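Observations on the three-dimensional arrangement
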Amino acid sequence: MKKKLFVLSSIICLILSFAACGGASADTANAAAAESPEEEILYMDEAEEYDDAVYTEAATEAVEAPAAASGSTSVASGEQRADAKLIYTGNLNVEATDFHKAVQELSDLVSSYGGYFENSEAYANSYENYANYTIRVSSEHFHEFMNAVSDNSNCKVTYQNTSVEDVGQIYYDLESHLEMLNGKLERLNQLWEQAENMEDIISLESAISELEYEISSYSSQKNRYDSLINYSTIYLTITEVQVYSEPVEPTFGEKLSHRFQSGIQSFKSGCEDLLLFFIGNLIQIIVFFVICGGIVLMIVRAVRRRRRKAHQETTLEDNV
């Protein structure tokens, strides 16, 4: 009996260890998924937790932050790696009291930095004017351009977000793969030139064609990364207003509502995480409860046997 209990206990320990490993792996995966390019975010209407900081001071600090402050997912201690391949992306929401003048100044600003409009969308009528732009500027002038827009006296930035992503690993993997494929293509071409059998020639031409297609696909990816690395992308929205928006101090009721909604969201997220945990470890949980049930059943049977045996011994003694 003791041997059986020892074996079952060992099995339970192993299962719990596997479950712990699975949980740790899930935590690691969640942490990795949570990692994203570091961002500077500036909101006009509210600061996190309704901070009392004045918007204009926060905007100045965000705009004047050095390039390294925007961070990189692969850079340690704020230092940029020599082989880093960085993609900068910015988002700006701007208000202007003179819409057409602001648009013209934006166009001049983009030209002065050697950039261009990749996409533009404007809407104007007697009630409102606004425009959405996708702007590309040289990455070396990215922060200068963002600062120049914020410093423009004819408009006001109400939202600013900058992010940077290091794609060096992917980029160098593409380069290595392309180098390998080009070497293979060169060898196939040499074999094709030396081939005399028509069947070999046809087979080699087919292999060369497939390889050239693969090289073209990888080259397109590399060229796309080159474009994103060399020219940063900025998404900018201009809205015409009569008076610039000012930050409004939230009332006690708004603060209470915000905290209540945050609590509900946290509870919802916790329930979702718990459900995902049970689903992800369903097999281990079922096996665990089956083993626990088996152990409880064996213990109950053992106790019953002992009681029955003790009862029989007592009966024999009484009869004697």
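See the structure shown above.
So, here's what we can say about the structure. All residue numbers here refer to positions counted from 1 along the written sequence of the relevant chain. Owing to the predicted nature of the model, reporting of local features is limited to residues with pLDDT of at least 70; listing and counting of side-chain atom pairs is limited to 80 or more, with chain, interface and lining totals taken over all residues. Excluding hydrogens and water, the side-chain figures rest on all heavy atoms present in the structure.

**What about the overall build of the protein?**
Going by this rule: Going along the chain from the N terminus, every DSSP run of H or I of four or more residues is numbered as a helix, and every run of E of two or more is numbered as a strand. Buried, partly exposed and exposed residues are distinguished by accessible area as a fraction of the type maximum, computed with a 1.4 Å probe on protein chains only: under 20%, between the cut-offs, and over 50%, respectively. Pairs of residues are marked as contacts when any of their non-hydrogen atoms sit within 4.5 Å. Working definition of accessibility: Shrake-Rupley area with a 1.4 Å probe, residue cover restricted to the visible protein chains.
When its secondary structure is counted, the protein shows 8 helices and 6 strands. Beginning at the N terminus, the succession of helices and strands in the protein can be written as α-β-α-β-α-β-β-α-β-α-α-β-α-α. Counting every position in the protein, which comprises 320 residues, the buried fraction comes to 26%. The contacts of the protein with a sequence gap of at least 6 include a subset with a gap of at least 24, amounting to 80%. Within the structure as shown, the protein displays about 21800 Å² of accessible surface, and the carbon and sulfur contribution to it stands at 55%.

**A few points about the pairing of strand β5 (residues 156-166)**
Along any regular strand the residues' side chains alternate between the sheet's two faces. Selection rule: The pairing criterion is simple: DSSP has to find at least two bridges between the two strands.
Extensive coverage of β5 is indicated by the burial of 10 of its 11 residues. Pairing analysis gives 10 bridges linking strand β2 (residues 86-96) to β5, with the strands arranged antiparallel. Paired with threonine 89 across the two strands is serine 163, which belongs to β5.

**Let's talk about a positive patch on the surface**
Our working definition: The patches described consist of residues with a relative accessible area above 30% and no salt bridge, like charges being joined within 9 Å and nonpolar side chains (Val, Leu, Ile, Met, Phe, Trp, Tyr) within 5 Å. Every case where a carboxyl oxygen of Asp or Glu lies within 4 Å of a side-chain nitrogen of Lys or Arg is listed as a salt bridge. Counted charges follow a simple rule, with Lys and Arg positive, Asp and Glu negative, and His plus the chain ends left uncounted. Charged side chains are reduced to one point each, which is NZ for Lys, CZ for Arg, CG for Asp and CD for Glu.
Together, Arg301, Arg304, Arg305, Arg307 and Arg308 give the surface a local cluster of positive charge. Structurally, arginine 308 is set in helix α8 (residues 282-319). The exposure class assigned to arginine 308 is partly exposed, which follows from its relative accessible area of 45%.

**Points about the nonpolar core**
The line we're drawing: By nonpolar core is meant a set of buried Ala, Val, Leu, Ile, Met, Phe, Trp, Tyr and Cys residues that side-chain atoms within 4.5 Å join together.
Of all hydrophobic cores here, the largest spans 25 residues; its most connected members are Ile135, Phe145 and Leu236. Sorting the residues of this core by element identifies β2, α3 (99-112), β4 (129-138), α4 (142-151), β5 and β6 (231-240) as the ones contributing at least two each. Non-local contacts of phenylalanine 145, meaning those with residues more than four positions away in its chain, are made with Leu106, Leu109, Val110, Tyr113, Ile135, Val137 and Ile234. Ranked by size, the runner-up nonpolar core spans 10 residues in total, among them Leu178, Leu188, Ile201 and Ile208.

**Observations concerning the packing of α3 against α4**
This is how the line gets drawn: To get an axis, fit a line to the C-alpha atoms, keeping to the stretch in contact for a helix; angles then go from 0 to 180 degrees between the N-to-C directions. An angle below 35 degrees is treated as roughly parallel, one above 145 as roughly antiparallel, one from 65 to 115 as roughly perpendicular, and anything else as oblique. Should the near helix be turned anticlockwise from the far one by less than a right angle, the crossing is termed left-handed; should it be turned clockwise, right-handed. Each residue gets one of three labels, nonpolar for Ala, Val, Leu, Ile, Met, Phe, Trp, Tyr, Cys and Pro, charged for Asp, Glu, Lys and Arg, and polar for the others, Gly among them.
At a minimum axis separation of 11 Å, α3 and α4 run at an interaxial angle of 160°. The orientation of α3 with respect to α4, classified from their angle, is roughly antiparallel. Relative to α4, α3 is oriented so that their crossing is right-handed. Only Phe145, Ala148 and Val149 of α4 make contact with α3, whose side of the interface consists of Leu106, Leu109 and Val110. The class makeup of the residues in the contact of α3 with α4 is 6 nonpolar, no polar and no charged.

**A short note on the packing of helix α5 (residues 168-194) against helix α6 (residues 198-230)**
Across the interface, α5 lies against α6 with an axial gap of 9 Å and an inter-helix angle of 155°. With respect to each other, α5 and α6 are oriented roughly antiparallel. Crossing hand, α5 versus α6: left-handed. The residue makeup of the contact of α5 with α6, split by class, is 18 nonpolar, 5 polar and 7 charged.

**Topic: α6**
As a reminder, the rule being used: Expected helix span is computed as 1.5 Å times (number of residues minus one). Counted as a polar contact is a pair of N or O atoms within 3.5 Å, where, for protein atoms, one must be capable of donating a hydrogen and the other of accepting one, and residues adjacent in sequence contribute only when both atoms are in side chains.
Given a rise of 1.5 Å per residue, 33 residues ought to cover 48 Å, and the 47 Å separating the end C-alpha atoms of α6 matches this to within 8%. Buried residues of α6: Ile201, Leu204, Ile208, Leu211, Ile215, Lys222, Asp226, Leu228 and Ile229, and no others. In this structure, the buried side of α6 is in contact with β2, β4, α5 and β6. Its side-chain oxygen at 2.7 Å from the backbone nitrogen of glutamate 199, asparagine 197 defines the N-terminal cap of α6.

Function cannot be inferred from these measures alone, as they are strictly geometric.
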